[in-house]
Every structure is written in C-alpha cells, then in structure tokens.
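# Report on the structure
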Amino acid sequence: MALYNPASVTVAESTSGTSTPTTVPSSITSGIILAANSNRKGGTIWNDSTATLYLEFGATATTSAFTAKLYAGGYYEIPFHYTGVISGIWSAANGNALVRELT
C-alpha cells in the first residue's frame, strides 16, 4: 500500500507581543493565580515563597488534588493554548507568586 506524503506542510506559530506581570500573595486557602483568558498564549509562574505552592487548572486547588507542585523558588510554564483559570494554595502563607501572562 502506497503512502501519501504531502509536498509541504504550513504551520502557523502562535506568537505573543505582550507580557503582563502580576503578584499574587500566598494563602493557605485556594485562590485565583490567573483568571481565564481566551487571548492567553502562555505564561509563567514563579513561587517566590519558602512554602510549597500547589497549582490547579481549575477553580479550586488543594494540597491533595493539584496539577503541579512548586517547591520554594520553583518555576512553572503554563502549557501553550491553556486559557482556563489557574488556582493555587500554599502549604504556609509567606511570600508571593510572580506571574507573567503572555497575550
């Protein structure tokens, strides 16, 4: 059986021209780290705290149900094309999350 291979494939890359910084104070209750944004191209989160930050792709993060666990000084890149809400909770309230949203 013959295989079909197209002569060329065009890929349109998603680019960003704007980086919006925010600082989110740590909390031992779940809170919004980054609101949903259909224009988001990507983003970063740095845990500028001595406590562990638990991130969740959704409205409520817990220390037992989370997407990513950032230890003190940890860094996380939001997967491209995820535009939903990101919540977080710390193991202790000290420091901040330094967030950059790319649009």
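A short tour of the structure in this document, coming up.

## A word on the pattern of salt bridges
Scanning all chains against the criterion turns up one salt bridge. Between E101 and R40 there is a salt bridge, and its shortest N-O distance comes to 2.9 Å. In this pair, E101 sits in strand β8 (residues 96-102) while R40 sits in the loop between β2 (31-34) and β3 (42-48), placing the two residues 61 residues apart along the sequence. Owing to a relative accessible area of 3%, R40 belongs among the buried residues under this scheme.

## A few points about the nonpolar core
Judged by nonpolar contacts, the single largest core of 15 residues is most densely connected at I33, I45, L55 and A97. Of all the secondary-structure elements, those providing two or more residues to this core are β2, β4 (53-57), β5 (68-70), β6 (75-78), β7 (86-90) and β8.

## What about the packing of aromatic side chains?
The description of two aromatic rings rests on the distance between their centres and on the angle between their planes. Scanning all chains against the criterion turns up three aromatic pairs. Among the aromatic residues, those joined into a ring-pair cluster are F57, Y76 and Y82.

Rules and cut-offs
Residues numbered from 1 in each chain as written. Predicted model: local features only at pLDDT ≥ 70, side-chain atom pairs only at ≥ 80, totals over all residues. Heavy atoms only, no water. Salt bridge = Lys/Arg side-chain N within 4 Å of Asp/Glu carboxyl O. Helix = DSSP H or I, 4+ residues; strand = E, 2+ residues; numbered from the N terminus. Buried < 20%, exposed > 50% of the residue type's maximum accessible area, 1.4 Å probe, protein only. Core = buried A, V, L, I, M, F, W, Y, C linked by side-chain atoms within 4.5 Å. Phe/Tyr/Trp six-rings, centres within 6.5 Å; stacked < 30°, edge-to-face > 60°.

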